[in-house]
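Survey of secondary and tertiary structure
Residue strings, one per chain:
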Amino acid sequence: MWSLRIAPYLICQTCSYVDLDRGRMSRGHVCQQCRHESAGGVLYFHANIMVLVDLLEESYLSRPRNHPREMVVPANVAILLFFCTLKEALFEHFLRQLFTSLSLSRSLQKKLLSDNRLFHQKLKSLFPALIENDWSTALVNASALCGQDFSMLDSVLTSSAQVRNKFLHNASAWEISAELADTCVDSIANLFVLFVALHNHYVHREWARAQPMV
Ligand SMILES: [Zn+2]
C-alpha cells in the first residue's frame, strides 16, 4: 500500500521531531534529537491522510491501459481531486500541529480555522501570521533543512489546483490529462517530504526554543 511506503513517518512525543526512524516504535528507543526515550511509536499523519493516499493508489491502478489520449478518463479526474485534497489536508494537519506547539487554546484554534475556512485564506493569511514567514520563504527554509528544492513541486501544486478549480466550477475536464495525473502521482512522496520538513522547521523549533540554555 502506498500509504505505508510513502507516509510511515513517526513523531517523537517529547520534541515533536518527525522522521522515518522505525526505532521509535520500540519503548525505550532514544530520540536522536532530544535524547528522550520513546514511550512507543506514534504515526505523524492521521488515518484520513493515509486512506487518501491509498485512494490515489486505487485510482492509479484502475486506469484503463489503452484509451484515446483525447478522452477524459474518470480515474485521472479522481487522481487530480484526491491529490489537491491531499495537499490541503496536509496543510491543515501542519497548522493543527503548529497550534499545539504554540499552546493555542482550543477556542482560539477553532476561531482561527473558522475565520480562515478557504485554503487560500489559510495560506495567505493564517500561515504567515503564525510562522512570520510567507509560503515562498517557508519553502526556502524547508529546502535548506532537507537539501531538496521544492520549487518544481510548488509549481505542480499551483497548476494542479488551477485545473482542479476549472473542473469544480464549470465541469471543464479537458485539461485533466494522463500526463497531469502522472505528475500528481509522481509528486506525492515529495509532498510528504515537504510537509515533514515544514513541521521540523517550524513545529519542532518551538520545542527547541522552550528548552533551557545549557
Ligand atoms: Zn525527540
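If you're wondering where the values come from, they're calculated on a predicted model, not measured in any experiment. (Residues numbered from 1 in each chain as written. Predicted model: local features only at pLDDT ≥ 70, side-chain atom pairs only at ≥ 80, totals over all residues.)

Another aspect to go through is the overall build of the protein chain. For the protein chain, the helix and strand inventory stands at eight helices and two strands. Taking 2.2 N^0.38 as the reference for a compact globule, 214 residues should give roughly 17 Å; the C-alpha atoms of the protein chain span a radius of gyration of 19 Å, in line with that estimate. Referenced to the eigenvectors of the C-alpha coordinate spread, the extents of the protein chain come out at roughly 65 × 40 × 30 Å. In the protein chain, buried positions account for 28% of the 214 residues. (Helix = DSSP H or I, 4+ residues; strand = E, 2+ residues; numbered from the N terminus. Rg over C-alpha atoms; globule rule 2.2 N^0.38 Å. Buried ≥ 20, exposed ≤ 12 C-beta atoms within 10 Å, placed from the backbone.)

Counting 43 residues, the largest nonpolar core has Leu80, Phe83, Phe195 and Leu198 as its most contacted members. Those elements giving two or more residues to this core turn out to be β1 (10-11), α2 (47-61), α3 (74-101), α5 (119-131), α6 (135-146) and α8 (178-210). Broken down by element, the residue count for this core peaks at twelve residues, all from α8. Beyond its immediate chain neighbours, meaning those up to four positions away, Leu198 contacts Phe94, Ala138 and Ala142. (Core = buried A, V, L, I, M, F, W, Y, C linked by C-beta atoms within 7 Å. Contact = placed C-beta atoms within 7 Å.)

In this model, Ser103 sits at a positive phi of 55°, which is unusual for a non-glycine residue. Secondary-structure assignment places Ser103 in the loop between α3 and α4 (106-115).

What follows covers the environment of His36. Within the fold, His36 resides in the loop between β2 (18-19) and α2. Taking the C-alpha atoms as reference points, His36 and Met71, separated by 35 residues in sequence, lie 55 Å from one another.

Before going further, it helps to examine the packing of α2 against α3. With their axes 9 Å apart at the nearest point, α2 and α3 run at an angle of 165° to one another. In this view, α2 runs roughly antiparallel relative to α3, as classed from their interaxial angle. Where α2 crosses over α3, the two elements pack in a sense that is left-handed. For the pair α2 and α3, contact is made by Asn48, Ile49, Leu52, Leu55, Leu56, Ser59 and Tyr60 and by Ala75, Ala78, Ile79, Phe82, Phe83, Thr85, Leu86, Ala89, Leu90 and His93, respectively. (Axes fitted to C-alpha atoms, helices over the stretch in contact; angles between N-to-C directions. Parallel < 35°, antiparallel > 145°, perpendicular 65-115°, else oblique. Left-handed = near helix turned anticlockwise from the far one by under 90°.)

Moving on, we come to the environment of Leu55. Note that Leu55 resides in helix α2. In sequence terms Leu55 and Ala78 are 23 residues apart; their C-alpha atoms lie 8.8 Å from each other.

Time to look at α6. In this model α6 runs 17 Å from its N-terminal to its C-terminal C-alpha over twelve residues, within 8% of the 16 Å that 1.5 Å per residue would give. Downstream of α6 by one or two residues, Gly147 has phi in the positive range, about 65°. (Expected span 1.5 Å × (residues − 1).)

Further remarks concern α5. Of all the bends in α5, the largest measures some 30° and sits at Ser125, one to four residues before the proline Pro128. Buried within α5 we find Lys122, Phe127 and Ile131. Against the buried residues of α5 lie α3, α6 and α8. Note on α5: the residue one or two positions beyond its end, Glu132, has a positive phi of about 60°. (Bend = angle between axes of the 7 residues up to and from the residue.)

Where α3 contacts α8, the axes come no closer than 10 Å and their chain directions differ by 0°. By the angle class used here, α3 and α8 are roughly parallel. Residues that form the contact of α3 with α8 fall into these classes: 18 nonpolar, four polar and two charged. (Nonpolar A, V, L, I, M, F, W, Y, C, P; charged D, E, K, R; others polar.)

All right, on to the environment of Val140 then. Looking at where Val140 falls in the secondary structure, it is placed in helix α6. Here Val140 falls in the partly exposed class, since 14 other C-beta atoms lie within 10 Å of it. Linking Val140 and Val53, residues 87 residues apart in sequence, is a C-alpha distance of 26 Å.

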